[in-house]
Amino acid sequence: MTDDEILLGLALTVVLATGSQILASKLRLPALIILLPVGFAAGAMTDVIHPDRLMGPTFSALVSLSVAVILYDAGLGLNLRKLTGRTRGIVGRLLVYGVLLTFLVTASVAPAMFDMPLRVGAMLGVILVVSGPTVVGPLLDFVRPSDKVRRILIWEGTLTDPIGGILGALTFHAIASTHQVDIGRGYQLGQFGISLAVGLAGGAVGTALLWFTLRTLRLGETLGTLAQLATVIAVSAGCDVVRDDTGLIAAIVVGLAVANIRGFDMPARRPFFETLIQLIIGLLFVSISSTVTPSSLVPVLLPALALIAILVLVVRPLVAFAATARSGLTQGERAFIAWMDPRGIVAAATASAFSASLVDRGVSGAARILPVTFLVIVGTVLLYSLTAAPVARRLGVVKPTGTRILLVGGEPWVIDLGQALRSAGLDVVMWAGLDEERALIKAAGIDLAKGDLLATAINPGARLEGVTAVFLATDDDDFNALASVVMQDNVEGPVYRVGPPHDSHGVVAPYTGGDILFGHALVRHVLAERYERGARFLVQPASTALPAEYDTLFVVRADQRLDPVTERRKTVPQEGDTVVLFGSVPTTPGP
């Protein structure tokens, strides 16, 4: 290819990857639904984005390192302290049953379905055991199932990726070296153990390097992020040099270590890594799908649909119900886990790498591995994307659509505000630091958060689950300001604070950004003073005429969403909404 064609191909790949993800976000669809057909169409219409022409033999190595970075980022989100008790057992059984049954069933039916040798069917079976957080995560973000179900599926999807990568490498080497899959004499089990040991050793080295760079050298955010990226790539590449595909193990081990060893204190949000992962996923899917030709799909289309039906309707339900038996999960939760097993980037990456190598070695039927995998990815992602939300609603595993509020503060007017929000039908939990304030919250009948909840919420490495909005209303304006900044990335929804006095000379409060509740007029000391003079909170339907001299603080929508009035926007009530007001209690005239 000429320099101009290479530049055009690279630019087009980046544009298609980015544009597809933007379009998917606007349509509220998983990005894979757009990325795969876009890459396939681009590959059919032009040759400039074909990775074999753009990068040649280096493409396979780049795919391996890219997947390692993805798995490292996924490992950072796995807090082992949350994988306890029955959840740990469920995830373990899902991994064991899922890998074994998916491999055995696919390897058994693939030779007859796709006219391929048993050893190639075994290769396809190993490839299709993986799922992946980059597919499961966006689907679950859209569906919003219960935290327990989400945690199980994310752990399963993340841990199957390195397992599938290792098993795929072992199967590939068995096929390439012996022309058969020999699993009867313990040889492959020994090879798996060696690969696991290499990956764990690489993970230990990577963890030590990151401890040195992040803790000893105390690099800042920018250099620390670069150090993480360099460490993961170096360790993953080194392990792959020693033994193929062990870099995936090393990457996820490093991620798990950094997320769980006390002292690293990784932030819950990692903007650079999130951006990088999004770009990598887009580039990989566009590039890999561009290698699939229409002529290769036609012969395997109908058998692939039959294989999808077997995996979705037979294999996954058997695995899920066996793994969750006597687990304490409801029937709806078990059924939803049985209806969630899409394939993703690791399946596509391993299929691309292994099928190309087997084709080069002249293994018959190997050319069908990539198109079949492509169709299974498209089919499962499309099926689950279209059905996951209605299935979750039908099974009753969707989180309530309303707002769960964490109200921070213990002054009398704050407690009264919590009662008013509860009377409006909202789920309210309160936190206060002083024992006497916590006693008053309990006496008011409001749920009291655990003593360490706020410490968890302001920990940069934490993610406060279940809370969709935070209102900071303590009598310390600087605390409210600082906490609003720190907590912003640790909560699913917005973080608000009451405003400081206009003539405040606090250290932080007057100068910190963030959305201020109730506007300029109703700052903290004004609310407290008016409450002491007899002002109270009033909850009424929006259709009722507003009383005189009352300020609108909140609008509770018909679906229980809470819209507060802030400095930046005025909230307009609509028919069916409820309003929370604040003003003087009207006196009843005497006779």
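Okay, so let's go over this structure. This one's a predicted model, so the numbers in the text were calculated from it and none came from an experiment.

1. Details of the sheet that holds strand 8 (residues 550-556)
Here four strands make up an open sheet; going across it, the order is 7-10-8-9 and the pairing antiparallel. The sheet is open, and its two edges are formed by strand 7 (535-541) and strand 9 (562-564), each paired on a single side. The average angle at which neighbouring strand axes cross in this sheet is 25°, direction not considered. Here strand 8 pairs with strand 10 (residues 578-584) via six bridges, running antiparallel. Paired with Y550 across the bridge in strand 10 is G583.

2. Things to note about helix 6 (residues 118-127)
Most of helix 6 sits out of view: eight of its 10 residues are buried. Here helix 6 has its buried residues at V120, G121, A122, M123, L124, G125, V126 and I127.

3. Considerations on the pattern of salt bridges
Once the charged atoms of two side chains with opposite charge are near each other, the side chains can pair. A complete count under the given rule lists seven salt bridges for this structure. One salt bridge connects D563 with R557, and the closest N-O pair in it is separated by 2.8 Å. Accessibility assignment for this pair places D563 and R557 in one class, buried. Between R557 and D577 there is a salt bridge, with its nearest N and O atoms 2.6 Å apart.

4. What to know about empty space enclosed by the protein
Under the criterion given, the structure shown has two cavities of 30 Å³ or more. Put simply, the largest cavity is a space of about 80 Å³. Taken together, 13 residues line the largest cavity, and the ones lying closest to its centre are G98, V129, E156, R316 and D341. Among the secondary structure elements, those contributing two or more residues to the lining of the largest cavity are helix 5 (85-114), helix 8 (147-178) and helix 14 (301-323).

5. Quick notes on the sheet that holds strand 5 (residues 495-498)
Pairing between the strands of a sheet comes from backbone hydrogen bonds, and it takes one of two forms, parallel or antiparallel. One open sheet accounts for six strands, arranged 3-2-1-4-5-6; its pairing is parallel. Because the sheet does not close on itself, it has two edges, and the strands there are strand 3 (447-448) and strand 6 (516-517). Bridging between strand 5 and strand 6 involves two bridges; their strand directions are parallel. Each bridged residue has a counterpart across the sheet, and for R497 the counterpart in strand 6 is I516. Along the sheet, helix 18 (residues 412-423) contacts strand 1 (404-408), strand 2 (427-431), strand 4 (469-472) and strand 5; its crossing angle with strand 2, the most-contacted strand, is approximately 165°.

6. Observations regarding the packing of aromatic side chains
The geometry of an aromatic ring pair comes down to the distance between the two centres and the angle between the two planes. In total, this model carries six aromatic pairs according to the counting rule given. With centroids separated by 4.8 Å and ring planes inclined at 35°, the aromatic side chains of F537 and F582 adopt a geometry described as tilted. Of this pair, F537 sits in strand 7 while F582 sits in strand 10, and the two are 45 residues apart along the sequence. In this pair, the class of F537 matches that of F582, namely buried. Residue placement shows R215 over the ring face of W211; its charged tip is 5.7 Å from the ring centre.

7. Brief notes about the side chain of E333
Following the sequence through the fold, E333 ends up in helix 15 (residues 331-338). Here E333 is buried and forms no salt bridge, its nearest opposite-charge partner K148 lying at an N-O distance of 4.4 Å. Setting aside residues up to four positions removed in sequence, E333 forms contacts with S146, K148, V149 and V397.

8. Concerning the packing of helix 16 (residues 345-360) against helix 17 (residues 369-395)
Taken N-terminus to C-terminus, the directions of helix 16 and helix 17 make an angle of 165°; their axes are 8 Å apart at the nearest point. If you check the angle between helix 16 and helix 17, you find them roughly antiparallel. Helix-helix and strand crossings are classified by hand; for helix 16 and helix 17 the assignment is right-handed. Taking contact as the criterion, the partners of A347, A348, A351, S352, S355 and L358 in helix 16 are, on helix 17, I369, L370, T373 and I377.

9. What about the environment of P494?
Of note, P494 is situated in the loop between helix 21 (477-487) and strand 5. The sequence separation of P494 and V470 amounts to 24 residues, and the corresponding C-alpha distance is 6.6 Å. Ignoring anything within four residues of it in the chain, the contact list for P494 reads T468, A469, V470 and Q488.

10. Some thoughts on the environment of L159
Inspection of the secondary structure assignment puts L159 in helix 8. The spatial distance from the C-alpha of L159 to the C-alpha of L95 is 7.8 Å, given a sequence separation of 64 residues. Other than its neighbours up to four places away in sequence, L159 contacts V91, L95 and I252.

11. Focus on unusual backbone geometry
Phi at D115 takes a positive value of approximately 55°, unusual for a residue other than glycine. Within the fold, D115 resides in the loop between helix 5 and helix 6. The backbone of R144 shows a phi angle near 60°, a positive value even though the residue is not glycine. Of note, R144 is situated in the loop between helix 7 (133-143) and helix 8. Classification of R144 by relative accessible area gives partly exposed; the value is 33%.

12. Let's talk about the side chain of E156
The residue E156 is located in helix 8 in this model. For E156, a relative accessible area of 6% translates into the label buried. A polar atom in the side chain of E156 sits 2.7 Å from the side chain of R316. Non-local contacts of E156, meaning those with residues more than four positions away in its chain, are made with V91, L94, L95 and R316.

13. Quick look at a nonpolar patch on the surface
Together, V96, Y97, L100 and L104 make up a nonpolar patch on the protein surface, roughly 360 Å² of accessible area in all. Residue Y97 is classed as partly exposed on the basis of its relative accessible area of 34%.

14. Looking at the pairing of strand 4
Alternating residues of strand 4 divide into A469 and F471 and V470 and L472, and every residue in both groups is buried. Sheet topology places strand 4 next to strand 5; three bridges connect them, and they run parallel. Among the inter-strand pairings, V470 is bridged to a residue of strand 5, identified as V495.

15. What to know about helix 14
With 23 residues, helix 14 extends 31 Å from end C-alpha to end C-alpha; this agrees with the ideal 33 Å at 1.5 Å per step. At L311, helix 14 is bent by approximately 35°, the largest bend along its length. For helix 14, the set of buried residues is P303, A304, L307, I308, L311, V312, V315, R316, P317, V319, A320 and A323.

Scoring rules and cut-offs
- Residues numbered from 1 in each chain as written.
- Predicted model: local features only at pLDDT ≥ 70, side-chain atom pairs only at ≥ 80, totals over all residues.
- Heavy atoms only, no water.
- Pairing = 2+ DSSP bridges.
- Helix = DSSP H or I, 4+ residues; strand = E, 2+ residues; numbered from the N terminus.
- Axes fitted to C-alpha atoms, helices over the stretch in contact; angles between N-to-C directions.
- Buried < 20%, exposed > 50% of the residue type's maximum accessible area, 1.4 Å probe, protein only.
- Salt bridge = Lys/Arg side-chain N within 4 Å of Asp/Glu carboxyl O.
- 1 Å grid on protein atoms, 1.4 Å probe; cavity = no way out; pocket = protein on both sides within 12 Å on 5 of 7 lines; lining within 4 Å.
- Points joined across faces, edges and corners; volume = space filled by probe spheres on them.
- Contact = heavy atoms within 4.5 Å.
- Phe/Tyr/Trp six-rings, centres within 6.5 Å; stacked < 30°, edge-to-face > 60°.
- Lys NZ or Arg CZ within 6 Å of the ring centre and 35° of its normal.
- Lys, Arg positive; Asp, Glu negative; His and termini not counted.
- Parallel < 35°, antiparallel > 145°, perpendicular 65-115°, else oblique.
- Left-handed = near helix turned anticlockwise from the far one by under 90°.
- Polar contact = N/O pair within 3.5 Å; in protein donor to acceptor, adjacent residues only side chain to side chain.
- Patch = residues over 30% accessible without salt bridge, like charges linked within 9 Å, V, L, I, M, F, W, Y side chains within 5 Å.
- Areas by Shrake-Rupley, 256 points an atom, 1.4 Å probe, with all protein chains shown as cover.
- Expected span 1.5 Å × (residues − 1).
- Bend = angle between axes of the 7 residues up to and from the residue.

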